[in-house]
2 protein chains.
Amino acid sequence: MATTGRQLRPLDEREMSAWHALIRAHNRVVRKLEAELEAEHGLTLPGYEVLAHLSEAPGEQLRMSELAQHAVLTPSGLTRLVDKLTREGLVRRDKCSADARVVYAVLTPQGRRRLEAAYPTHLRGVREHLIDALTPTQQEALSDALGELSGICRAALAEAAAGCEVTPREVTQREVTQREVTQREEAEAALAAAPRTT
Amino acid sequence: MATTGRQLRPLDEREMSAWHALIRAHNRVVRKLEAELEAEHGLTLPGYEVLAHLSEAPGEQLRMSELAQHAVLTPSGLTRLVDKLTREGLVRRDKCSADARVVYAVLTPQGRRRLEAAYPTHLRGVREHLIDALTPTQQEALSDALGELSGICRAALAEAAAGCEVTPREVTQREVTQREVTQREEAEAALAAAPRTT
DNA sequence: AGGTATTCCTTGCACATGCAAATACCTACC
DNA sequence: GGTAGGTATTTGCATGTGCAAGGAATACCT
């Protein structure tokens, strides 16, 4: 194997094992979960995630950009997915009165029902294929190792807006304004108790 | 949230964190690695994996079915990928003289060169985006937790044919025959030192 | 020997998704 | 007030991959 000018140490057995384990386990878990969700509820995993995140959001709505981050999709990918979910009546789009660029994705009652129906399947699948196969220590270790890696820390899961990735810097007027807009929108939309899921 | 007849306990914070960490970390690592491999070498990650596994096999060839398992693809998916790699001259197909159903995928010299060129990029990427971000303890834990899950244990990485998943049962004549065939083929093909990679 | 079940690989078809570009809008700064 | 730069979303295009089915070959059983 050629070595370039920059000396890189080949992966040792432990390292290679970790790498392969990530790839293989992910593939296995996701494929199984997807098959079950698809067969029983006609949902893809990202589709489920979108519904779930919307159900947890104030007013059951999220900006497309926010939702894309939550669902681990590119903006483009989310647009397609929301297109599809909209065709199926599970989601609808809404404009933002304060910023004409922004589009909200909103969970529909039908989408809520689909999500509720799929929740036990999803939970059972995640448990069966991942969580219950691990000891609490392993779960902790997994979360510890991969959590940092994935660009979020655990605290950020609860407070997405104040993620620990935020580096100390000036808070721009833009951010203040957006925060105000978001808070205003949330206050207006805070009329439905967001059911908890995933 | 509806509860079905089968009571499932919702994921607690630790469990959910582990689940999300797996999804997000995998996405992040793979996306970055893919972008680099594609930009610098015109290879997808599965494409790289195929070349790598072939280079490590006796005679630099593997049955399509074996290769599909190694590359974590369905037979169908592997067929398409090998189609593509064949068009690019990186891989060629070979018949099996002992079993007319079997097709071998064989690494070409051009494929070898591509792999060698891409190896440092891949290694650097895996290190930078995954391995070097973890402590050895975390790597171990990751491999420990996900290794079992992914249906292989660490020993099986070195001895793929005798995977620890093998349950005690009768060895059928079919398996004996296939083993003999494989050994014969390997003996015939064992004329090139398989360069080590990944 | 003949019939059936299983294996191996490929193909038809459909779907999901990302990159790059385009368009419209918003904010900060002069 | 005007402009440059940045943001948000969508669209054109291309690519990769899996399910289900099909066809050929092989193994197993009677």
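Residues numbered from 1 in each chain as written. Chains lettered and ligands numbered in written order. Predicted model: local features only at pLDDT ≥ 70, side-chain atom pairs only at ≥ 80, totals over all residues. Heavy atoms only, no water.

Caption draft 1: The arrangement of the interface of chain B and chain A in detail. Listed by partner, the interface residues are 69 residues for chain B and 70 residues for chain A. The salt bridge involving A:Glu15 is made with B:Arg127; its shortest N-O contact spans 2.9 Å. Applying the counting rule to chain B against chain A returns 15 residue pairs in polar contact (both at pLDDT 80 or more). Of all elements in the fold, only α1 (13-41), α2 (45-56), α3 (64-70), α5 (109-129), α6 (136-149) and α7 (154-158) of chain B reach the threshold of two or more residues within the side of chain B that touches chain A. A per-element tally of the side of chain B that touches chain A places α1(B) first, with 19 residues. When grouped by side-chain class, the residues that make up the side of chain B that touches chain A number 35 nonpolar, 18 polar and 16 charged. (Contact = heavy atoms within 4.5 Å. Salt bridge = Lys/Arg side-chain N within 4 Å of Asp/Glu carboxyl O. Polar contact = N/O pair within 3.5 Å; in protein donor to acceptor, adjacent residues only side chain to side chain. Helix = DSSP H or I, 4+ residues; strand = E, 2+ residues; numbered from the N terminus. Nonpolar A, V, L, I, M, F, W, Y, C, P; charged D, E, K, R; others polar.)

Caption draft 2: The arrangement of the packing of α1(B) against α5(B) in detail. Residue and element names in this part refer to chain B. Running from N to C, α1 and α5 point in directions that differ by 150°, and their axes come no closer than 10 Å. Considering the angle they form, α1 stands roughly antiparallel to α5. When the axes of α1 and α5 are compared, the crossing they make is right-handed. Within the contact between the two elements, α1 uses Val29, Lys32, Leu33, Glu36, Leu37, Glu40 and His41 and α5 uses Arg114, Ala117, Ala118, Thr121, His122, Arg124, Gly125, Val126 and His129. Residues belonging to the contact of α1 with α5 are distributed by class as follows: six nonpolar, five polar and five charged. (Axes fitted to C-alpha atoms, helices over the stretch in contact; angles between N-to-C directions. Parallel < 35°, antiparallel > 145°, perpendicular 65-115°, else oblique. Left-handed = near helix turned anticlockwise from the far one by under 90°.)

Caption draft 3: Structural view of the sheet that holds strand β2 (residues 91-95) of chain B. All names here are of chain B. Ordered in space as β1-β3-β2, the three strands form an open sheet in which the pairing is antiparallel. Both outer strands of the open sheet, β1 (61-63) and β2, are each paired with one neighbouring strand and no more. Strand after strand, the sheet turns through a mean of 30° between neighbouring axes, direction not considered. Bridge count for β2 against strand β3 (residues 103-107) is five bridges, and the pairing is antiparallel. The residue bridging Arg93 from the neighbouring strand is Ala105, located in β3. (Pairing = 2+ DSSP bridges.)

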